[in-house]
Amino acid sequence: MTSAPDAPEQGFRLSQLIYDTRYRSLTIQAIVFILVMGGAAWLVDNVIQNLNDLGKDFNFSFLGQRAGYDIGNAIIPYNNDMSHGRALLVGLINTLWVSFLGCVAATIIGVVVGVLRLSKNWLVARLMTVYVEVFRNIPVLLWILVAIALLTDVAPSPNAYKVNQQTGEAQASMLLDSVAFTNRYTAIPSVHFDRSLGSLDTALAPISLNFLALVIVLIASIWVNKRMLTHAAKVQEATGVRPTMWWKSALILVAPVVILAFALGINPEEPQIKGFNFTGGTNVSNSFVALWLGLSLYTAAFIAEIVRAGILAISKGQTEAAFALGLRANRTMSLVILPQALRVIIPPLISQYLNLTKNSSLAIAVGYLELRGTLGGITLNQTGRELEAITLMMLIYLAISLSISGVMNVYNNRVKLKER
């Protein structure tokens, strides 16, 4: 009996990095990594050399220096004796605030317009089409400028809302007797608590304990309602009959908040014209209103198309099956179509939220000081730290965008279709 000798084992050869498919991809990745890192090192060295030639260094100590400029729309306490770091924080909060309100308004308008664009009413559908085509095909900057022009040039002065003692009438009337658009600001109602819990002073800003208590109660109500719905689902799976939950959910979600609000003595404080200005309520600057309107209406046109595409992606058989079960059109839309359409709507919706947040940097066109206006504008010009300011601003916008994407992706994973 004979046996063939084993083939001689060959060691690793350098030629395998190119000709062996097992190692070729690793070789290419290593070369690309070295080139990218080499390019980055060259850029950093070039920047350091240029800074040395200019007698500059790279540090962020300027954030502790006195800012010396005012910010008219500060949400947290701020004055010009505070530091550039505090001004940066005020600008960041202004950016987040206008972006949040813009996303909420754009989502509501976009969903309504997107659904109405599929209406069988010819006039309503065409009006929605005109809205979408007009707003999405004109740059958002122009809409912001149009809004500020309408508010400053067309809106009356605050004195026009004053009642003439002889005629008993005013030259201008308030919207719903609560909102007054003027050429200087927009007066809106505010909330007043007769039995206030006070506020909690923190290093960042004072926190209203009234609103904090309302938020805690609301979160607790949502948690209890979720537990009740989970229990109802288990009962339905066990018995085939779902308990009536709508009035229980409404009671749990509304009653605790309303009871606490009445206990705190909540009441609206509407603006009243006294002398040449409105007192009471809150006076919001026209630059903020114009920016919010422009961003909301522009982004809503894109969201409407996303919603319309999501609804059309659902098979007509779903609608026909819902009608066969006796559901009306509005219930079919809210219970059958929209929940399924969300898995198509949410991914592109994330991009629209990111676009709206980044477009908020156009606020500088109307004088609203947000992150671009404070850190990337006045602070940069006063300190001459253009490299540090721009780098920090880019990192902040990157962090905001990644945070929005992360939150929306978590929500998308929760509502997406579960495959069994």
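See the structure printed just above.
This is a predicted model, so every value here is computed, not measured.

Caption draft 1: Inspection of the overall build of the protein chain at higher detail. Across its full length, the protein chain carries twelve helices and nine strands. For 420 residues, the compact-globule estimate of 2.2 N^0.38 gives 22 Å, and the C-alpha radius of gyration of the protein chain, at 29 Å, exceeds that figure by more than 25%. When contacts within the protein chain are restricted to residue pairs at least 6 apart in sequence, those whose partners lie at least 24 apart make up 65%. Accessible area for the protein chain stands at about 26,100 Å²; split by element, carbon and sulfur atoms hold 65% of it. Between the mean site of the 31 positive side-chain charges and the mean site of the 23 negative ones, the protein chain shows a separation of 13 Å.

Caption draft 2: Broad picture of the packing of helix α9 (residues 316-324) against helix α10 (residues 329-359). Interaxial distance between α9 and α10 falls to 10 Å at its minimum, and their mutual angle equals 140 degrees. Between α9 and α10, the crossing angle belongs to the class labelled oblique. Between α9 and α10 lies a crossing whose hand is right-handed. Here Q318, T319, A322 and F323 of α9 lie close against α10, whose contacting residues are A329, T332, V336, I337 and Q340. By residue class, the composition of the contact of α9 with α10 is five nonpolar, four polar and no charged.

Caption draft 3: Representation of the packing of aromatic side chains within the structure. In the structure shown here, the tally under the stated rule is nine aromatic pairs. Ring geometry for F58 versus F60: centroids 5.4 Å apart, planes at 80 degrees, classification edge-to-face. Note on F58: relative accessible area 44%, which makes it partly exposed. By relative accessible area, F60 is classed as partly exposed at 34%. The interplanar angle of 35 degrees and the centroid separation of 6.3 Å between the aromatic rings of F60 and F62 together place this pair among those described as tilted. By relative accessible area, F62 is classed as buried at 2%. Ring-pair connections join several aromatic residues into one group, and the members of that group are F58, F60 and F62.

Caption draft 4: Representation of helix α12 (residues 386-415) in the model. Taking 1.5 Å of rise per residue, 30 residues should cover 44 Å, and α12 covers 43 Å from first to last C-alpha, within 8% of that figure. All of the buried residues in α12 are E388, A389, L392, M393, I396, Y397, I400, S401, I404, S405, M408 and N412. In this fold, the buried residues of α12 make contact with α3 (84-116), α10 and α11 (371-383).

Criteria and cut-off values
- Residues numbered from 1 in each chain as written.
- Predicted model: local features only at pLDDT ≥ 70, side-chain atom pairs only at ≥ 80, totals over all residues.
- Heavy atoms only, no water.
- Helix = DSSP H or I, 4+ residues; strand = E, 2+ residues; numbered from the N terminus.
- Rg over C-alpha atoms; globule rule 2.2 N^0.38 Å.
- Contact = heavy atoms within 4.5 Å.
- Areas by Shrake-Rupley, 256 points an atom, 1.4 Å probe, with all protein chains shown as cover.
- Lys, Arg positive; Asp, Glu negative; His and termini not counted.
- Charge placed at Lys NZ, Arg CZ, Asp CG, Glu CD.
- Axes fitted to C-alpha atoms, helices over the stretch in contact; angles between N-to-C directions.
- Parallel < 35°, antiparallel > 145°, perpendicular 65-115°, else oblique.
- Left-handed = near helix turned anticlockwise from the far one by under 90°.
- Nonpolar A, V, L, I, M, F, W, Y, C, P; charged D, E, K, R; others polar.
- Phe/Tyr/Trp six-rings, centres within 6.5 Å; stacked < 30°, edge-to-face > 60°.
- Buried < 20%, exposed > 50% of the residue type's maximum accessible area, 1.4 Å probe, protein only.
- Expected span 1.5 Å × (residues − 1).

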